[in-house]
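Next come the chains, spelled out residue by residue.
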Amino acid sequence: MEKKTIENDNKLFTEKYELRQVRPNEAETAAKIEAICFPPSEACTLPIMKERVALAGDCFLAAIDRKTSKMIGFVNGLCSDELTLRDELFTDTNLHDPNGSNVMICSVSVLPEYRKQGIAREMMREFLCRQQAKGRKQAILTCVPGKVKMYEKFGFTDRGESESTWGGEKWHEMWCTLNF
């Protein structure tokens, strides 16, 4: 019965939303969504978002509302062989290594009016599957303490408090092995 429920949920999700790679002309939309979802001290700037889309488009998954064709959320990251997500990664896209064995998730954003519908969960599931198919070994992210339980539900393990001071916050580093 559980499997049937999951299959039904996935079918309903895919009827309403499309998950696809970001398009080059969508960097501005992504930056606007991030500005809604994160405080100014943490949100990605438009120039950096444009660089991420251009350099690491395959590490960027967008969720699109099929009815309106509007981007409603996204997951984006950069690749590296490093084992921890350092603050410089948020602003220096030159640290992206397309052959890196790990994907460093820079942000997961869903517009407020679309939250609590499983969109972040489905985006993350698809994002991690795509990264695994590209040969990535691990996904690493940082999150505020209040989001730890959500990421644990997505299969991440809490490594504890991060050394990151990005945006003046205390962060937890989360890690997920990509071998499903």
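Shown above is the structure to which this text applies.
Described in the following lines is the structure provided in the data block. Starting afresh in each chain, residues are numbered from 1 along the sequence in its written order. Where totals are concerned, whole chains, interfaces and linings use all residues; where local detail is concerned, this predicted model gives features only for residues with pLDDT of at least 70, and gives and counts side-chain atom pairs only at 80 or more. No hydrogens and no water enter the side-chain calculation; it runs on all heavy atoms of the structure.

**Side note on the overall build of the protein**
Strands here are runs of E lasting at least two residues and helices are runs of H or I lasting at least four, both read from the DSSP assignment and numbered beginning at the N terminus. Scanning the protein for helices and strands turns up five helices and seven strands. As a reference, a globule follows 2.2 Å times the number of residues to the power 0.38, and the radius of gyration itself is taken over C-alpha atoms. In terms of overall size, the protein behaves like a compact globule, its C-alpha atoms giving a radius of gyration of 15 Å where 180 residues would be expected to give roughly 16 Å. For the protein, the spread of C-alpha atoms along the three principal axes comes to 45 × 35 × 30 Å. In the protein, which comprises 180 residues, the share counted as buried stands at 47%. Here, two residues are considered to be in contact whenever any of their heavy atoms come within 4.5 Å of each other. Taking all contacts inside the protein whose residues are at least 6 apart in sequence as the whole, residues at least 24 apart take part in 66%. We get accessible surface area from the Shrake-Rupley algorithm with a probe of 1.4 Å; when it comes to residues, only the shown protein chains can shield them. Working note: accessible area of the protein is about 9,600 Å², and carbon and sulfur atoms make up 52% of it. A simple rule labels every residue: compare its accessible area, found with a 1.4 Å probe on the protein chains alone, to the largest value its type can have, and call it buried under 20%, exposed over 50%, or partly exposed in between.

**Focus: a positive patch on the surface**
Together, R115, K116, K147, K149 and K153 make up a region of like positive charge exposed at the surface. Position of K147 relative to the elements: it lies in the loop between strand 5 (138-143) and helix 5 (148-153). Given the relative accessible area of 40%, K147 is considered partly exposed. For patches, a residue must show more than 30% relative accessible area and have no salt bridge; joins then use 9 Å for like charges and 5 Å for nonpolar side chains, namely Val, Leu, Ile, Met, Phe, Trp and Tyr. A side-chain nitrogen of Lys or Arg and a carboxyl oxygen of Asp or Glu constitute a salt bridge if their distance falls within 4 Å. For this count, His and the chain ends are skipped, Lys and Arg are scored as positive, and Asp and Glu as negative. Where a charge sits is defined by one atom per residue type, namely NZ (Lys), CZ (Arg), CG (Asp) or CD (Glu).

**So, unusual backbone geometry**
Here the phi dihedral of S69 falls at roughly 60°; this positive angle occurs in a residue that is not glycine. Within the secondary structure, S69 sits in the loop between strand 2 (60-65) and strand 3 (70-80). Backbone geometry places K116, a non-glycine residue, at a positive phi of 65°. Structurally, K116 can be placed in the loop between strand 4 (102-110) and helix 4 (119-133).

**Brief notes about helix 2 (residues 27-37)**
Side chains that are three or four residues apart share a direction in an α-helix, a result of its 3.6 residues per turn. Inspection of helix 2 places A27, A30, A31, I33 and E34 among the buried residues, and these make up the whole buried set. Buried residues in helix 2, looked at end-on, bunch into an arc of 160°, giving them a common side. Across helix 2 from its buried face, at more than 90 degrees, point the exposed residues K32, A35 and I36. By arc we mean the arc of the directions from the helix axis to the C-beta atoms, nothing more.

**A short note on the environment of C59**
Relative to the helices and strands, C59 is located in the loop between helix 3 (46-56) and strand 2. The exposure class assigned to C59 is buried, which follows from its relative accessible area of 0%. Each C-alpha atom of the pair C59 and I48 lies 14 Å from the other, and the pair is eleven residues apart in sequence. Not counting the four nearest positions on each side in its chain, C59 is found in contact with V75, N76, G77, C79, H96, V103, F127, Q131 and R136.

Limitation: the analysis is restricted to geometry and does not speak to function.
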